[in-house]
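# Structural characterization, general
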Amino acid sequence: MTDNAVQTSLIQNLTSIVGDNYTITEQSKKQHYCKGFRFGSGDALAVVRPSSLLEIWQVLKACVAADVAVIMQAANTGLTGGSTPDGKDYDRSIVIISTMRISDIQLIDNAQQIIGLAGSTLFGLEDTLKPYGREPHSVIGSSCIGASIVGGICNNSGGALVQRGPAYTELSLFAQIDTDGKLSLVNNLGIKLGDTPEEILTNLQNKNYQEGEVEFPNKRASDNEYHERVRDIDADTPSRFNNDGRRLYESAGCAGKLAVFAVRLDTYEIPKKQQVFYVGTNDPAVLTKIRRHVLSNFKSLPVSGEYLHRDCYDTAKKYGKDSFLVIDKLGSKYIPKLFSIKRAVDGIASKFKFLPSKFSDRAMQYLSYLWPNHLPKRMEEFRDKYEHHWILEMSGEGVDEAQAFLSEFFETNEGGYFECTQDEGEKAILHRFAAGGAIGRYHAMHSDKVGSMMTIDVAFPRNELDWFEKLPPEIEEQVELKLYYGHLFCHVMHQNYILKKGADAKAIKNKILETFDARGAEYPAEHNVGHEYFAKDDLKNFYKTLDPTNTFNPGIGKTSKCKHWAE
Ligand SMILES: Cc1cc2nc3c(=O)[nH]c(=O)nc-3n(C[C@H](O)[C@H](O)[C@H](O)COP(=O)(O)OP(=O)(O)OC[C@H]3O[C@@H](n4cnc5c(N)ncnc54)[C@H](O)[C@@H]3O)c2cc1C
């Protein structure tokens, strides 16, 4: 058969498995699946949206037989282009398998653990666990925009919660292609589900197993030693980062080099007594002192500690206001709905030449100006007084520890703090969340006047004292705006830059990364390599072992895009 005939026959096969409505080949309809949230885009022969685990398996078999590359995709909220094709230089056609129709979550061991099927979301998990007084690994951040449980595991995603570390498990169900190109199903969920792939997948989908058949092997269902690593403030390595070989295990960190059907994970008790403290200072060394003291002396680890620079505060106030207001007034449940409305509006607007690009962003931005200032008065006063802001969230005994420590600490140190009311605390955390999307909005609104957008996701060694970046003048003068925020206790910083027109983003990024290398920092910290960062040896070898034919997500981590890893 010619290449064209193979492709036509594959599309017919895919259609017969998932149906006409869920086999997408039309360019405009594929767009949403072929373009990353922030970076990356390319083309795919087809996007398929299976409705069951068995359909995924059948789609995989058809793809392997047709010798195409496969990209497994969940909610496509990854920030480094790792969930979509990238560019044109592939040696085979690509099929994207979007898993979001398969969203079941199963509780085991009285909700101490869960099994999340391929397209289940963190949001869905939060809702499912609430009646049990428990919650997932991640509760704010990408969960608000519909990120999946499995996408998080495959990316070793991080997040704001200090005690939890990267999303991780050693218990999962996945398909793998061996050196000879043979597809097989591996059941390491710790539940006997049958012998053939068809039996295993159907039994899991239908929850056709008894509690008594759930085994408890000596395997982790979370990074349950992270609390020790994060406390080790004198270690000269970061506490977590994507190239960390210790946290690469089958599905965990696989970045789509396997096809993951389900993962089994620990859940967490919802902290009872909680209190947010809002800290401000003009000297980053003050925050360093607090970080080191809390991590090494407090009996109770903080829930979260989100840092925000004043410029980021201001940008989020203006360009993240609509996201803030939607969540504050309508609830975070509305955000995925808002994103799908936004996509539909942009799709329609792109057909009218007289409308500007990024129409929905512009419309939302102008609408947000109609609303009065949405930030609490005390936060605004701190904004005027202090350059560096830290939102400290404590629970249980940690609340008393923080109260006692902060009141004494600021008697002799520069800066100040206040104990937030419930409303202030929620708004402070929401404001930090809004900062994540504000850079994209700023760029969309000013794209005619500024240069590229550049983002760096970096993990500093735990003993780093000088975490706040001071750029050399020759770089500083090429930067229009810098937005710094991050998970300061974990020493994970997100440093986002809008460059001036004409500035060479690649050269500038490389210079900054060189300085990080010299300081023992690691990047990416939690957004995974995608098509933005090089996979280091541990990660590259892990990918090669999982996928010797390089059929799944080829090119990830700037590796070879060719079959059998040919260069
Ligand atoms: C506003 C915003 C805030 C964010 N905040 C954070 C944050 O605080 N911390 C953080 O770490 N990240 C954050 N992210 C990044 C992103 O949300 C996470 O990486 C997320 O875990 C990805 O989930 P997803 O469902 O979108 O997966 P996708 O983006 O669809 O996929 C992620 C990776 O997993 C692979 N994959 C997906 N499904 C499967 C499968 N079934 N089998 C095999 N491989 C699969 C994909 O190929 C890809 O490589 C944020 C993103 C946004 C937009």
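Residues numbered from 1 in each chain as written. Predicted model: local features only at pLDDT ≥ 70, side-chain atom pairs only at ≥ 80, totals over all residues. Heavy atoms only, no water.

Taking burial as the measure, the 8 residues of strand S10 (residues 259-266) include 7 buried ones, the bulk of the element. Alignment of strand S6 (residues 113-117) against S10, held across 5 bridges, turns out to be antiparallel. Within S10, the position partnered with isoleucine 115 by the bridge is arginine 264. (Buried < 20%, exposed > 50% of the residue type's maximum accessible area, 1.4 Å probe, protein only. Helix = DSSP H or I, 4+ residues; strand = E, 2+ residues; numbered from the N terminus. Pairing = 2+ DSSP bridges.)

According to the stated counting rule, one finds 19 aromatic pairs in the structure shown. Here tyrosine 278 and phenylalanine 418 contribute two aromatic rings whose centre-to-centre distance is 5.3 Å and whose plane-to-plane angle is 15°, an arrangement assigned as stacked. Of this pair, tyrosine 278 sits in strand S12 (residues 274-281) while phenylalanine 418 sits in strand S15 (residues 416-419), and the two are 140 residues apart along the sequence. On the basis of relative accessible area, tyrosine 278 is assigned to the buried category, the value being 0%. The class for phenylalanine 418 is buried, based on a relative accessible area of 7%. Considering the side-chain rings of tyrosine 523 and tyrosine 533, the 6.1 Å spacing of their centres and the 45° angle between planes classify their relative orientation as tilted. Here the residue tyrosine 523 occupies a position in the loop between helix H17 (505-518) and helix H18 (537-546), and tyrosine 533 occupies one in the loop between H17 and H18, the gap between them amounting to 10 residues. Across the pair, exposure class does not vary: tyrosine 523 and tyrosine 533 are buried alike. Put simply, the rings of Phe277, Phe298, Phe405, Phe409, Phe410 and Tyr417 pair up and form one aromatic cluster. (Phe/Tyr/Trp six-rings, centres within 6.5 Å; stacked < 30°, edge-to-face > 60°.)

An order of S5-S6-S10-S8-S9 is seen for the 5 strands of this open sheet, with the pairing classed as antiparallel. A strand with exactly one partner marks an edge of an open sheet, and here the two such strands are strand S5 (105-108) and strand S9 (183-188). Looking at each pair of strands side by side, their axes are set apart by 20° on average, direction ignored. With 6 bridges connecting them, strand S8 (residues 172-177) and S9 associate as antiparallel partners. Across the sheet, alanine 175 pairs through a bridge with leucine 185, a residue of S9. Seen against the sheet, helix H6 (residues 197-205) touches S5, S6, S8, S9 and S10 and runs at an angle of roughly 45° to S9. (Axes fitted to C-alpha atoms, helices over the stretch in contact; angles between N-to-C directions. Contact = heavy atoms within 4.5 Å.)

What follows covers empty space enclosed by the protein. In this structure the tally under the stated criterion is 2 cavities of 30 Å³ or more. If you trace the largest cavity, you find it lined by Arg38, Phe39, Leu79, Thr80, Thr455, Ile456, Asp457, His494, Asn496, His527 and Tyr533. Of all elements in the fold, only strand S16 (453-459) and strand S18 (492-499) reach the threshold of two or more residues within the lining of the largest cavity. Among the elements that take part in the lining of the largest cavity, S16 stands out by supplying 3 residues, more than any other. (1 Å grid on protein atoms, 1.4 Å probe; cavity = no way out; pocket = protein on both sides within 12 Å on 5 of 7 lines; lining within 4 Å. Points joined across faces, edges and corners; volume = space filled by probe spheres on them.)

What follows is about the site of the ligand. Contacts to the ligand come from 32 residues, most closely from Met72, Thr77, Ser83, Ser148 and Gly158. Backbone polar atom of alanine 74 to an oxygen atom of the ligand: 2.8 Å apart, as the coordinates give it. In the environment of the ligand, an oxygen atom lies 3.2 Å from a nitrogen or oxygen atom belonging to the backbone of glycine 82. Within the complex, 95% of the 980 Å² of free accessible area of the ligand lies under protein. Contributions of two or more residues to the shell around the ligand are made by strand S3 (69-73), helix H5 (149-155) and S10. A per-element tally of the shell around the ligand places H5 first, with 5 residues. (Near = heavy atom within 4 Å. Polar contact = N/O pair within 3.5 Å; in protein donor to acceptor, adjacent residues only side chain to side chain. Areas by Shrake-Rupley, 256 points an atom, 1.4 Å probe, with all protein chains shown as cover.)

Throughout this description, disulfide means a covalent bond between two cysteine sulfur atoms. Applying the stated criterion across every chain, the model contains 0 disulfides. Here cysteine 63 stays free of any disulfide, with the sulfur of cysteine 34 as its closest cysteine sulfur at 14 Å. Residue classification places cysteine 63 among the buried positions, given a relative accessible area of 0%. Looking at the unpaired cysteine 254, the closest cysteine sulfur is the one in cysteine 154, lying at 3.7 Å. (Disulfide = S-S within 2.5 Å.)

Strand order in the open sheet made by the 7 strands is S15-S12-S14-S13-S17-S18-S16, with antiparallel pairing throughout. Sheet topology places S15 and S16 at the edges, where each strand pairs with a single neighbour. When strand polarity is set aside, the average angle formed by the axes of neighbouring strands in this sheet is 15°. Sheet analysis places strand S13 (residues 304-309) next to strand S14 (residues 388-395), joined by 6 bridges and oriented antiparallel. Looking at S14, one finds that glutamate 306 is bridged to isoleucine 391. Here helix H8 (residues 284-297) sits on the sheet and contacts S12, S13 and S14; the angle it forms with S14, its principal contact strand, is near 15°.

Right, let's get into the pairing of S15. Taking every second residue as pointing to the same face, the buried face of S15 carries Gly416 and Phe418, while none of Tyr417 and Glu419 on the other face is buried. Strand direction decides the pairing type here: S12 and S15, joined by 4 bridges, are antiparallel. The residue of S15 that forms the bridge with glycine 280 is glycine 416.

Once that is clear, we can look at the packing of helix H9 (residues 310-319) against helix H15 (residues 422-446). Following both chains from N to C, one finds H9 and H15 inclined at 75°, their axes separated by 7 Å at the closest point. The angle between H9 and H15 falls in the class roughly perpendicular. Touching Cys312, Tyr313, Thr315, Ala316, Lys317 and Tyr319 of H9 are His431, Ala434, Ala435, Ala438, Arg441, Tyr442, Met445 and His446, all from H15. In terms of residue class, the contact of H9 with H15 is built from 9 nonpolar, 3 polar and 2 charged. (Parallel < 35°, antiparallel > 145°, perpendicular 65-115°, else oblique. Nonpolar A, V, L, I, M, F, W, Y, C, P; charged D, E, K, R; others polar.)

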